[in-house]
Amino acid sequence: MKCLHVNYAIPCTKPFTCKENYAIVFDTHIIDFGPKELITKRYPNAKNIISKGQSVLLPGLINPHVHLEFSANQGVLDFGDFIPWLQSVIKHRDELQKAISSEKILNTLTSMLASGTTAIGAVSSFGLDLDACLKTPLHVTYFTEILGSRPDAVDILFNDFKSRLNSVLKSANKSFSPAISIHSPYSTHPILAQNALDIARKDDLCVSTHFMESQAEREWLDSASGGFKEFFNAFSPYAKPFCNAKGYLSLFENNHTLFTHAVQAKKSELEYIKYQGGFITHCPVSNRVLGCGLLDINRLNQMQISWHLGTDGLSSNISLSLWDEMRNALMMHQNFPLKELAKELLMGATANAAKALRLNAGSLEIGKEATFLILDLPGASLSNLPLHAILHTKKPQSIYIQGEKIDV
Ligand SMILES: [Zn+2]
């Protein structure tokens, strides 16, 4: 049993508060958490660890939406507008796949860990990231993805998905949780989506889907018009949307689902997501670089819909660090009071993300996994802690996963 002493702590519990002169007692899980004097008296035999500098303790960061297989992108894909970007993904997909390897993905995961990310949701299109995800010390929720629009190829596509999923299911362990991703309403035939969602319900797997990311997706689903009309016409002059947005959402009614982006979602669609107990993954940098707009987090808060942060892949970002994502989000949501936004973002990168991925982590509470970070923040004070942490942190001083200090 260890007892770690810190100057400050951000427990990421509700209501959001920051603590001064606190200590945490833990083995693989958190045994106790409270003011130093109290904890020292309660656990006289615990092995004491005194952290250096102006220390700040907070839960490990959780990034529920990343595409590791696209980690080789560095300036190859066309940023700025959604459809030209999608066309560039299709054009360069093989080249980006060839440029990636298990070793490179493992390096990507190691640098994510070094930045303080201790759990991820990895959306896997091809299975190229499986080896690395099984080797990393991070907790991985591994979303095996299904997509495809040709009705005559449904059986082949579903069989391919099932064989990828079966090898993933065999690998499940305490830090690797199989899950399912339905790519999007514009790319996945409803029969494929329905069949995959049936498996997710039967096996109680988390589900992720992109939903209402771009204006082009909005126009295509609403009226078979806009940028996707031209895009799909290149494949078939008779192409039409499989269903409207509500019809797509209805497929997920009995699943545990993370809806990624939702920038262009209407209020009634958000209400339906709330009714389903769904979660929204907010990827502000990805949305900005693909010209998709900015998610209205005020509206989500008013509607009491749970949202969390994600970086998306390097296919639509330049960093997989949640500190970078939080800093960018601070600058983008200009109508939100800055200090309050900092608290919301920290919750979105920890406790809210843990809830979405069903992890027993993401907050400093008795019984949760002892997975946390220690920052060194010179000049920190109780009043500026969340904002200061986001503005100044590149890497934590120390990282613990399930009670073990990790060297990165
Ligand atoms: Zn994505």
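Caption draft 1: Quick peek at the overall build of the protein chain. Counting secondary structure elements, the protein chain contains 16 helices and 16 strands. Relative to the 2.2 N^0.38 estimate, which gives 22 Å for 408 residues, the radius of gyration of the protein chain is 21 Å and therefore close to what a compact globule would have. With respect to the principal axes defined by its C-alpha atoms, the protein chain has extents near 75 × 45 × 40 Å. In the protein chain, buried positions account for 58% of the 408 residues. Restricting the contact set of the protein chain to residue pairs at least 6 apart, pairs at least 24 apart contribute 72%. Across the protein chain, the centroid of the 38 positively charged side chains sits 4 Å from that of the 38 negatively charged ones.

Caption draft 2: Highlighting helix H10 (residues 267-275). Among the residues of H10, Glu 269, Leu 270, Tyr 272 and Ile 273 are the ones counted as buried. Down the axis of H10, the buried set is contained in an arc of 155°. They therefore lie on one face. Directly beyond the C-terminal end of H10, a positive phi value near 75° is found at Gly 277.

Caption draft 3: Looking closely at the domain arrangement of the protein chain. Looking at the protein chain, the domain boundaries give domain 1 (2-60 + 363-405) and domain 2 (61-357). Contacts between the two partners involve 25 residues from domain 1, matched on the other side by 24 residues from domain 2. Taken over both partners, the interface formed by domain 1 and domain 2 buries close to 2,100 Å², and the fraction arising from carbon and sulfur atoms is 75%. Interface area lost by domain 1 to domain 2 is led by Phe 16, Leu 387 and Ile 390, which between them contribute 28%.

Caption draft 4: View of the pattern of salt bridges. Under the definition given, this model contains 12 salt bridges. The shortest N-O distance in the salt bridge between Arg 42 and Asp 32 comes to 2.7 Å. Of this pair, Arg 42 sits in helix H1 (residues 36-42) while Asp 32 sits in strand S3 (residues 30-35); the two residues are 10 residues apart in sequence, bridging distant segments of the chain. What makes Asp 32 buried here is its relative accessible area of 6%. In this structure, a network of salt bridges that share partners links the residues Arg 218, Asp 222, Lys 266 and Glu 269.

Caption draft 5: Spotlight on the packing of helix H5 (residues 154-170) against helix H6 (residues 190-203). The contact between H5 and H6 brings their axes to 10 Å, and the two run at 25°. Between H5 and H6, the angle is such that the two are roughly parallel. Read as a crossing pair, H5 and H6 show a hand that is right-handed. Contact with H5, carried on its side by Val 154, Leu 157, Phe 158, Phe 161, Lys 162, Leu 165 and Leu 169, involves Ile 191, Leu 192, Asn 195, Ala 196, Ile 199 and Asp 203 of H6 and no other residues of that element.

Caption draft 6: Structural view of the pairing of S3. Sheet analysis places strand S2 (residues 19-26) next to S3, joined by five bridges and oriented antiparallel. Across the sheet, the residue bridging to Tyr 22 is Pro 35, located in S3. The antiparallel pairing of S2 with S3 creates a hairpin that spans three residues between the two strands.

Caption draft 7: Quick look at the coordination of the zinc ion. Protein ligation of the zinc ion involves His 65 (NE2), His 67 (NE2), His 210 (NE2) and Asp 312 (OD), the donor distances falling in the range 2.1 to 2.4 Å. Because the angles between the four donor atoms bound to the zinc ion fall within 84 to 168°, the donor set is best described as irregular. Ordering the donors of the zinc ion by residue number gives the pattern H-x1-H-x142-H-x101-D. Taken together, the residues span a long stretch of sequence, with His 210 in strand S10 (residues 207-211) and Asp 312 in the loop between strand S13 (307-309) and helix H13 (322-332) at a distance of 102 residues. Side by side, His 210 and Asp 312 carry an identical accessibility label, which is buried.

Caption draft 8: Inspection of helix H14 (residues 338-348) at higher detail. Among all positions of H14, only Leu 341, Ala 342, Leu 345, Leu 346, Met 347 and Gly 348 are buried. Next to the buried residues of H14 lie strand S5 (55-59), helix H12 (297-302), S13, H13, helix H15 (351-357) and helix H16 (385-392).

Caption draft 9: Spotlight on the packing of aromatic side chains. This model, assessed by the stated rule, comprises 21 aromatic pairs. With centroids separated by 5.1 Å and ring planes inclined at 85°, the aromatic side chains of Phe 26 and Phe 372 adopt a geometry described as edge-to-face. Residue Phe 26 is found in strand S2, and its partner Phe 372 is found in strand S14 (residues 372-376); the two are separated by 346 residues along the sequence. Given a relative accessible area of 0%, Phe 26 falls into the buried group. Measuring from ring centre to ring centre gives 6.3 Å for Phe 211 and Tyr 248, while their planes differ by 5°; the resulting arrangement is stacked. Here Phe 211 is found in strand S10, whereas its partner Tyr 248 is found in helix H9 (residues 245-250), with 37 residues between them in sequence. Take Phe 211 and Tyr 248: they sit in the same class, and that class is buried. In this structure an aromatic cluster arises from ring pairing among Phe 82, Trp 85, Tyr 186, Trp 220, Phe 228, Phe 231, Phe 232 and Phe 235.

Caption draft 10: View of the nonpolar core. Of all hydrophobic cores here, the largest spans 105 residues; its most connected members are Ile 182, Phe 228, Ile 280 and Trp 323. Two domains each put at least three residues into this core: domain 1 (2-60 + 363-405) and domain 2 (61-357).

Caption draft 11: Main features of unusual backbone geometry. Along the chain, Lys 14 connects to Pro 15 via a cis peptide bond; the corresponding omega equals -5°. Inspection of the secondary structure assignment puts Pro 15 in the loop between strand S1 (2-9) and S2. Backbone geometry at Ala 262 places phi at a positive 55°, although glycine is not the residue there. Tracing the chain through its elements places Ala 262 in the loop between strand S11 (257-261) and H10. Judged by relative accessible area, which is 1%, Ala 262 ranks as buried. In this model, Arg 358 sits at a positive phi of 60°, which is unusual for a non-glycine residue. Topologically, Arg 358 is positioned in the loop between H15 and S14.

How each quantity is defined
Residues numbered from 1 in each chain as written. Predicted model: local features only at pLDDT ≥ 70, side-chain atom pairs only at ≥ 80, totals over all residues. Heavy atoms only, no water. Helix = DSSP H or I, 4+ residues; strand = E, 2+ residues; numbered from the N terminus. Rg over C-alpha atoms; globule rule 2.2 N^0.38 Å. Buried < 20%, exposed > 50% of the residue type's maximum accessible area, 1.4 Å probe, protein only. Contact = heavy atoms within 4.5 Å. Lys, Arg positive; Asp, Glu negative; His and termini not counted. Charge placed at Lys NZ, Arg CZ, Asp CG, Glu CD. Arc of directions from axis to C-beta. Domains from an automatic or database assignment. Buried area = accessible area lost by both parts, 1.4 Å probe. Salt bridge = Lys/Arg side-chain N within 4 Å of Asp/Glu carboxyl O. Axes fitted to C-alpha atoms, helices over the stretch in contact; angles between N-to-C directions. Parallel < 35°, antiparallel > 145°, perpendicular 65-115°, else oblique. Left-handed = near helix turned anticlockwise from the far one by under 90°. Pairing = 2+ DSSP bridges. Donors = N, O, S within 2.8 Å, 3.2 Å for Na, K, Ca; no water. Tetrahedral: all angles 85-135°; square planar, octahedral: opposite > 155°, others 65-115°. Phe/Tyr/Trp six-rings, centres within 6.5 Å; stacked < 30°, edge-to-face > 60°. Core = buried A, V, L, I, M, F, W, Y, C linked by side-chain atoms within 4.5 Å.

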